[in-house]
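# A structural walkthrough
These are the residues of each chain, in order.
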Amino acid sequence: MKIEWMKAPTGRRNFLKGATALGAAAAMPMGWAGTAFAQDDGVLRVRAYGDAPNMDPAHSVGVVEEEIHAAIYNKLIQYKPGSEWGWQLDAASMIEQVDPTHIKFALRDDIGFTNGHGAMTAEDVKFSFERIVAEATESPNKPDMGPLSHVEVTGEREGTIVLNEPFAPLWSIALPYITGNIVSKAAVEATGGRIGSDPVAESGPYLRASWSPKEKTVLQRNPNWKGDAPAWDTIEVYPIDDENTAEIAFEAGELDLTRVSLGSVARYRGGVPNGGTLVENPSLFYVWLGMNLDHPKLQNQKLRQAIQHAIDVPTILEASYFGAADPSTGIIAPGLAGNRAQGLVAPQANIEKAMALLAESGETNVSLTLDILNKTTYTTMAQVIQAMLAQIGITLEINVLESGAFWASGENEDLQLVLNRFSMAPDPSYATAWFTTEQAGIWNWERFRNDEFDKLHAAASAETDNAERAAMYQRAQDLMEESGAYRFITHEATPVVHSSRVVPALRPDGLSLLRYFGKA
């Protein structure tokens, strides 16, 4: 059956034009009047920790954009909300792994693209997946697709995903996360092969009605969506970098859901304003201090190791997270294969050893810069690190950056130290993927290059023995730490508060799946 899809109504983007003033208020919390929104207006208002300007999954910068993409596009499978990691069918009516390198699928016959781009077909799946791994696309998310060879189209809505070798993260990352989004081949080719800030053609239960940079993204129901109807007519997503700022908005009744700072957890355990609820989830995030190995000031391994040993992680966590987060041992969280029981460098500082290493380095009058995202937590963390390094005679200047400048740090060759935090998907390969040689200067801001690490990352992704796989990832993290370029800090946690009118749909790590949000 052929399906024709109507072009989105003209003027839709102007409909909510007047609402952008609210986004400006969100960016400037001191200007908020504290007037709560109507409780029955059909609008869900949530906070994101960054803006989502890019609508191309091939060039997505992570979970912030994925929250939007997952609502306006479809995948063969989507993450299932709840406390256990799992997936459920989305655009696929059937999907089956017939052998270690072949996965057959069939698409539903009722999904189509907006703006006259027709029904979703297996050709769209082939185009979407193969463009991720194509060299010409230059997708930073290429590692997510692992050893994808190609997609065989066997019918209008049937096909087979073909891998060059087994790939364990296919079901936990490649298909249900960023690279699994299916875009319209015709629409993307018409734009020259790359989607910009306009999604061009959408197919999900929501359409992006408007985007006001650094103010808000507005999603509205897709009138042609044939699946289960979403509960909310409109979703407004507000980019607010700082959790403390978002908490002010939530308590004023201007947000329905936000992640909150770990420092606020104890307060919210005692009661959430306006009848709201606190949800505490474990986190897969990882936070670390990185050092740019290409920078002339950081060529000396002994100096880097001195910095590692001078930093006391428990003190950082007490000051920044009020003791509500535990020290990490690497980039792979507890519960995932490859988590290390302990790191090579103890969480506690060893000032005597740090000073000895600094003396061995021969470096004197060391002054460095530390770049951080403009968030209260990181500012506090940076100040603690600054004081710790001063103990061994290192002067540290802190550069506080807004999100746009900070997330462009991969291109900053003058970067020295950076306090960083990456989102994570439920497979260890998603952590190691960003620190390979291929990623140097892209997401690998330390420009760490190690042949053994690269080989371990590739081999572990194809390994189906979980114990063998875990050992490979543990060794990979040893190599990172031995380089001196990393001081691992924490995996944090993901406390979320939501209003009484919302039934949130969250991943097990507390991140939002907006298309599945319900009403209380």
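These figures come from a predicted structure and were not determined experimentally.

### Observations concerning the sheet that holds strand β14 (residues 367-373)
Overall, mixed pairing links the five strands, which are arranged β15-β14-β16-β13-β17 in an open sheet. Every other strand in the sheet has two partners, leaving β15 (395-401) and β17 (486-490) as the edge strands with one partner each. Strand-to-strand twist of the sheet, defined as the mean angle between neighbouring strand axes without regard to direction, takes the value 25 degrees. Taken together, the four bridges between strand β13 (residues 286-291) and β17 define a ladder with antiparallel strand orientation. Looking at the pairing, W288 lines up with F488 of β17. Packing against the sheet, helix α8 (residues 301-310) makes contact with β13, β14 and β17, and its axis sits at approximately 145 degrees to β13.

### Topic: the sheet that holds strand β7 (residues 158-163)
Taken together, the four strands give an open sheet; going across it, the order is β4-β5-β7-β6, and neighbouring strands pair in antiparallel fashion. A strand with exactly one partner marks an edge of an open sheet, and here the two such strands are β4 (92-99) and β6 (148-153). The sheet shows a mean angle of 20 degrees between the axes of neighbouring strands, direction not considered. Sheet topology note: the β4/strand β5 (residues 102-107) ladder contains six bridges and is antiparallel. The residue bridging A92 from the neighbouring strand is L107, located in β5. Each of β5, β6 and β7 touches helix α4 (residues 122-133); the most contacted strand, β6, lies at about 165 degrees to it.

### Some words on the pattern of salt bridges
If you walk through the whole model with that rule in mind, you get 31 salt bridges. Salt-bridge contacts for R259 lead to E243; the nearest nitrogen and oxygen are separated by 3.6 Å. Residue R259 is located in strand β11 (residues 257-259), and its partner E243 is located in helix α6 (residues 243-251); the two are separated by 16 residues in the primary sequence. When sorted by exposure, R259 lands in the same class as E243, which is buried. Put simply, D427 and R469 hold a salt bridge, and the shortest N to O gap is 2.8 Å. A residue pair is termed long-range when its members are at least 10 positions apart, and D427 in the loop between β16 (417-422) and α13 (429-432) and R469 in helix α15 (residues 466-482) qualify at 42 residues. The class for D427 is buried, based on a relative accessible area of 6%. Each member of the salt-bridge network shares a partner with another, and the members are D41, R45, K216, E236, D256 and R501.

### A word on the pairing of β13
With six of six residues buried, β13 is to be regarded as a mostly interior element. Covered by surrounding structure in β13 are Y286, W288 and G290 together with V287, L289 and M291, the residues of both alternating faces.

### Focus on the nonpolar core
L76, F129, I161 and F435 are the most contacted members of the largest nonpolar core, which totals 149 residues. The biggest single contributor to this core is helix α11 (residues 376-391), with seven residues.

### Some details on unusual backbone geometry
A positive phi angle, close to 55 degrees, is found at E138, a residue other than glycine. Topologically, E138 is positioned in the loop between α4 and β6. Owing to a relative accessible area of 66%, E138 belongs among the exposed residues under this scheme. Although it is not a glycine, R447 adopts a positive phi angle of roughly 55 degrees. Take R447: it is sitting in the loop between α13 and α14 (451-462). Since its relative accessible area comes to 8%, R447 is described here as buried.

### Overview of the confidence of the model for the protein
In this model, the protein carries an average pLDDT of 90, and 92% of its residues clear a pLDDT of 70 or more. Throughout residues 1-35 the model reports pLDDT below 50, and contacts reaching past four residues in sequence, or to other chains, amount to 68 contacts.

### Describing helix α9 (residues 313-321)
For α9, the complete set of buried residues consists of V313, I316, L317, S320 and Y321. Buried residues of α9, viewed axially, fall in a sector of 95 degrees; they line one side. Buried residues in α9 make contact with β13, α11 and β17.

Procedures and definitions
Residues numbered from 1 in each chain as written. Predicted model: local features only at pLDDT ≥ 70, side-chain atom pairs only at ≥ 80, totals over all residues. Heavy atoms only, no water. Pairing = 2+ DSSP bridges. Helix = DSSP H or I, 4+ residues; strand = E, 2+ residues; numbered from the N terminus. Axes fitted to C-alpha atoms, helices over the stretch in contact; angles between N-to-C directions. Contact = heavy atoms within 4.5 Å. Salt bridge = Lys/Arg side-chain N within 4 Å of Asp/Glu carboxyl O. Buried < 20%, exposed > 50% of the residue type's maximum accessible area, 1.4 Å probe, protein only. Core = buried A, V, L, I, M, F, W, Y, C linked by side-chain atoms within 4.5 Å. pLDDT = per-residue confidence, 0-100. Arc of directions from axis to C-beta.

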